[in-house]
Amino acid sequence: MDILALNCGSSSVKYQLFDWDKKVVVAKGMVERVVIGDSFILHEVPGRETYREDSDCPDHKTAVDLILRTLTSPSHGVLQDIKQIAAVGHRVVHGGEKFTKSVLIDDEVLAAVTEVQHLAPLHNPPNIAGIEGAMAVLPGVPQIAIFDTAFHQTMPEHAYLYPLPYEWYEKYGVRRYGFHGTSHLYVSKRIAAILGKPANQCNVITMHIGNGVSHCAIKNGVSVDTSMGLTPLEGAMMGTRCGDIDPAIPAFMMQKENLSAKEIDSILNKKSGVIGITGRFTDRRDVIENANGGDRLCSLALDIEAYRLKKYIGTYMAVVGRLDAVVFTAGVGEMGAPIRERAISGLEHLGIVLDKERNASAMTRKRETLITTDDSPVKVYVIPTDEELVFTEDVAAILDGTYTDHMNFEYSFSRPDFVRK
């Protein structure tokens with residue numbers, strides 16, 4: 001049984017084809033510059049050179065069609081017929097309050113996802129376009145939605161409600177939702193397996209750090225708080241997003257610079273964070289390199305980011321109580337050793353004792369690595385995330401009727417003997 005995972009962004013479609021019977025990734029890749037022109041696909045098959053093809057994709061349906069055409073290509077493909085695809089799993093960023101687990105997509109589900117797209121205007125519309133495109137190209141094939149927000153639906157009311165007029169929540173759904181749920185789910189299950197404890201007995205802080213950044217306080221295996229809120233703008237400093245700021249600043253700057261609501265929203269989402277401080281970089285590798293070369297603003301950006309990471313660790317330690325571990329994941333979390341060092345240095349009084357050599361050597365996206373000392377009361381690990389594997393396992397379990405929800409379902413990666421293939 002082959003399962004296709006799709007992650008549709010505003011101008012890209014990531015994909016992964018997984019052979020469920022053999023438990024291996026058959027192919028993966030990405031279509032870039034969808035809608036905006038000069039589109040192309042990068043297609044990777046284990047043991048082969050990466051294949052690139054330029055092909056215009058004016059919409060997501062065309063991009064999905066290109067992916068299927070590439071997967072079945074006599075020269076570059078891995079399937080003889082698209083009928084070998086048993087199901088498709090779709091990342092859906094925002095499910096509102098309606099969805100607490102992955103679900104089979106029908107008209108009612110699609111309508112509910114469309115209804116909350118105003119809460120994630122940069123993400124849900126392309127997610128929906130990808131679903132509709134896959135349904136058109138693969139009629140009759142089961143399509144499953146995996147929600148970023150589902151993992152965080154265990155947050156208590158006092159954590160997800162804002163101190164704002166309550167009718168805003170009742171009328172417009174203004175509350176904390178949280179994102180990157182599949183990543184937080186994956187690494188929280190993995191750290192429990194590594195520690196040799198049942199997930200429902202683990203207290204963990206997970207730190208997903210990429211261009212987008214979110215943190216999660218996990219108590220007894222479930223999310224009790226997370227840094228992103230109504231939208232993915234709240235929380236930590238990010239590549240282009242500001243994260244937590246004084247809420248009076250937007251109105252203040254709108255008056256000072258005569259900015260519209262749309263313009264200030266664009267600045268907060270696209271021109272702030274790391275690029276706002278450095279003026280030119282979002283990639284932390286560039287920031288680290290230039291900081292080492294004496295660039296003051298790059299060094300300042302690293303200090304600000306690490307300081308805010310440190311504050312979230314302290315905050316979430318207060319939330320979960322006894323803490324078993326902190327986990328860094330995603331691109332920067334897995335590869336940004338200098339940022340990790342700055343974030344957890346000086347936390348010995350909280351039971352976190354960094355091993356600088358271990359941290360410096362943890363620069364791969366393929367190995368789970370302890371970066372604290374053996375006698376550190378709280379362990380800190382770098383664990384490569386695998387959101388697509390979560391998609392795949394949810395899809396397979398829904399198809400065979402064994403899926404309940406993410407809390408009670410036993411994922412393969414929740415077992416100590418799990419080996420990444």
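Quantities reported herein were computed from a predicted structural model and do not represent experimental measurements. The residue numbering used here restarts from 1 in each chain and proceeds along that chain's sequence as written. Reporting of local features is limited, given that this is a predicted model, to residues whose pLDDT is at least 70; pairs of side-chain atoms are given and counted only at 80 or more, and all residues count toward the totals for whole chains, interfaces and linings. Side-chain descriptors were evaluated using all non-hydrogen atoms of the structure, hydrogens and water having been removed beforehand.

Asker: Give me the lowdown on the packing of helix α2 (residues 107-115) against helix α3 (residues 124-137), citing residues and values where you can.
Answerer: Contact pair α2 / α3: the axes reach a minimum separation of 10 Å and the direction vectors enclose 160 degrees. Accordingly, the angle class assigned to the pair α2 and α3 is roughly antiparallel. Crossing angle aside, the handedness with which α2 passes α3 is left-handed. Within the contact between the two elements, α2 uses Leu110, Val113 and Thr114 and α3 uses Asn124, Ile128, Ile131 and Glu132. Axis angles are defined between N-to-C directions and span 0 to 180 degrees, where every axis is a line fitted to C-alpha atoms and, for a helix, only to the segment in contact. Elements are defined by DSSP. Helices are runs of H or I of four residues or more, strands are runs of E of two residues or more, and each kind is numbered from the N terminus. An angle below 35 degrees is treated as roughly parallel, one above 145 as roughly antiparallel, one from 65 to 115 as roughly perpendicular, and anything else as oblique. Each crossing gets its handedness from the near helix: less than a right angle anticlockwise from the far helix is left-handed, clockwise is right-handed. Here a residue-residue contact requires only that any non-hydrogen atoms of the pair lie within 4.5 Å.

Asker: Any details on the layout of surface pockets? Residues and values, ideally.
Answerer: Cavity means a closed set of points on a 1 Å grid over the protein atoms alone, one where a 1.4 Å probe fits but cannot get out, pocket means an open set with protein on both sides within 12 Å along at least 5 of 7 lines, and lining means a residue has an atom within 4 Å of a point. Grid points are joined across faces, edges and corners, and a volume is the space filled by probe spheres set on the points. In this model, the second largest pocket occupies a volume close to 260 Å³. As for the second largest pocket, its lining consists of Met237, Cys242, Ile245, Ile249, Ile267, Leu268, Ser272, Gly273, Gly276, Ile277, Ile304 and Arg308. At the level of secondary structure, the elements contributing two or more residues to the lining of the second largest pocket comprise α8 (261-270), α9 (273-278) and α11 (296-320). Looking at the lining of the second largest pocket element by element, the count peaks at 3 residues for α9. Among the residues forming the lining of the second largest pocket, the class breakdown is 8 nonpolar, 3 polar and 1 charged. Amino acids are sorted into nonpolar (Ala, Val, Leu, Ile, Met, Phe, Trp, Tyr, Cys and Pro), charged (Asp, Glu, Lys and Arg) and polar (every other residue, Gly among them).

Asker: Explain α11 to me, using residue names and the numbers behind them.
Answerer: Here the expected length of a helix is defined as 1.5 Å per residue gap, with one fewer gap than residues. With 25 residues, α11 ought to run about 36 Å at 1.5 Å a step, and its terminal C-alpha atoms sit 36 Å apart, in line with that. Using a 1.4 Å probe on the protein chains alone, a residue whose accessible area is under 20% of its type maximum counts as buried, one over 50% counts as exposed, and one in between counts as partly exposed. Taken together, the buried positions of α11 are occupied by Cys298, Ala301, Leu302, Glu305, Ala306, Leu309, Tyr312, Ile313, Tyr316, Met317 and Val320. Where α11 is buried, its residues contact β9 (204-209), β10 (213-219), β11 (222-226), α9, α10 (284-292) and α13 (337-344). A 3.5 Å cut-off defines polar contacts: any pair of N or O atoms within that distance qualifies, except that in protein one atom must be a possible hydrogen donor and the other a possible acceptor, and neighbouring residues in sequence count only when both atoms are side-chain atoms. Looking at where α11 begins, the residue whose side-chain oxygen comes 3.0 Å from the main-chain nitrogen of leucine 297 is aspartate 295.

Asker: Tell me what's going on with the nonpolar core, and back it up with residues and numbers.
Answerer: By convention a nonpolar core is built from buried Ala, Val, Leu, Ile, Met, Phe, Trp, Tyr and Cys residues, the set being connected through side-chain atoms within 4.5 Å. Counting 43 residues, the largest nonpolar core has Ile205, Met207, Ile313, Val326, Phe328, Ile344 and Ile352 as the members making the most contacts within it. For this core, the secondary structure elements donating two or more residues are β9, β10, α10, α11, β12 (325-329), α13 and β14 (379-382). If you tally residues by element for this core, the top one is α11, at 10 residues. Apart from residues no more than four positions distant in its own chain, isoleucine 352 is found in contact with Ile313, Val326, Ile344, Leu347, Thr372, Ser376, Val378 and Val380. Within the second largest apolar cluster, 33 residues are counted, among which are Phe18, Ile191, Leu389 and Val395.

Asker: How would you sum up the packing of aromatic side chains? Please name residues and give values.
Answerer: Think of it this way: a Phe, Tyr or Trp ring, Trp meaning its six-membered ring, pairs with another when their centres are within 6.5 Å, and the plane angle makes it stacked under 30 degrees, edge-to-face over 60, tilted otherwise. One pass over the structure, following the stated rule, counts 10 aromatic pairs. Ring pairing ties together the aromatic residues Tyr186, Tyr403, Phe409, Tyr411, Phe413 and Phe418, which thus form one cluster. When the NZ atom of lysine or the CZ atom of arginine is within 6 Å of a ring's centre and also within 35 degrees of its normal, the charge is said to sit over that ring. Its end group placed over the ring of tyrosine 160, arginine 175 keeps NZ or CZ at 3.7 Å from the ring centre. Across the ring face of tyrosine 177, the terminal group of arginine 175 is positioned such that the distance to the ring centre comes to 4.8 Å.

Asker: Can you lay out the sheet that holds β11 for me, pointing to particular residues and giving the numbers?
Answerer: For two strands to be treated as a pair, DSSP must find no fewer than two bridges joining them. What the 6 strands build is an open sheet, ordered β11-β10-β9-β12-β14-β13; its pairing is mixed. In this open sheet, the two strands that pair with only one neighbour each are β11 and β13 (369-370). The pairing of β13 with β14 spans 2 bridges and is antiparallel. Within β14, the residue paired with leucine 370 across the bridge is tyrosine 381.

Asker: Mind laying out the packing of α11 against α13, listing which residues take part and the relevant values?
Answerer: Helices that pack against each other are described as a pair by the angle of their axes relative to one another and the distance between those axes. Packing of α11 against α13 leaves a shortest axis separation of 8 Å and a crossing angle of 50 degrees. When the interaxial angle is binned, α11 and α13 end up oblique. Here the hand of the crossing between α11 and α13 comes out right-handed. Judged by residue contacts, Ser299, Leu302, Asp303, Glu305, Ala306, Leu309, Lys310 and Ile313 of α11 engage Ile339, Arg342, Ala343 and Ile344 from α13. Its residues placed into classes, the contact of α11 with α13 shows 7 nonpolar, 1 polar and 4 charged.

Asker: Describe the environment of asparagine 408, naming the residues involved and giving the relevant values.
Answerer: Mapped onto the elements, asparagine 408 comes out in the segment after α15 (387-400). Through-space distance from the C-alpha of asparagine 408 to that of asparagine 200 is 9.4 Å; in sequence the pair is 208 residues apart.

Asker: Describe the pairing of strand β4 (residues 40-44), with residues and values.
Answerer: In terms of strand pairing, strand β3 (residues 24-32) meets β4 through 5 bridges, oriented antiparallel. Looking at β4, one finds that glutamate 32 is bridged to phenylalanine 40. Pairing geometry for β4 and strand β5 (residues 51-54), over 4 bridges, is antiparallel. Residue histidine 43 lies in a different strand from β5, and its bridge partner there is tyrosine 51. Hairpin connection between β4 and β5: a loop of 6 residues separates the two successive antiparallel strands, and glycine 47 in this loop has a positive phi of roughly 90 degrees.

Asker: Account for the pattern of salt bridges, naming residues and giving values.
Answerer: Any two side chains of opposite charge can pair, so long as their charged atoms come close to each other. We define a salt bridge as a side-chain nitrogen of Lys or Arg found within 4 Å of a carboxyl oxygen belonging to Asp or Glu. Inspection of every chain in the model, using the stated rule, returns 19 salt bridges. Lysine 98 is paired through a salt bridge with glutamate 108; the nearest N and O atoms lie 4.0 Å apart. Taken together, the residues lysine 98 in the loop between β6 (85-92) and β7 (103-104) and glutamate 108 in helix α2 connect sequence positions 10 residues apart. Among the residues examined, glutamate 108 registers a relative accessible area of 54% and is labelled exposed. With a closest N to O distance of 2.8 Å, arginine 190 and glutamate 368 form a salt bridge. Remark: glutamate 368 occurs in the loop between α14 (356-361) and β13 and arginine 190 occurs in helix α6 (residues 181-195); sequence separation between them is 178 residues. For arginine 190, a relative accessible area of 4% puts it in the buried group. Residue classification places glutamate 368 among the partly exposed positions, given a relative accessible area of 31%. Overlapping salt bridges, with partners in common, bring together Glu53, Asp65 and Arg69 in one network.

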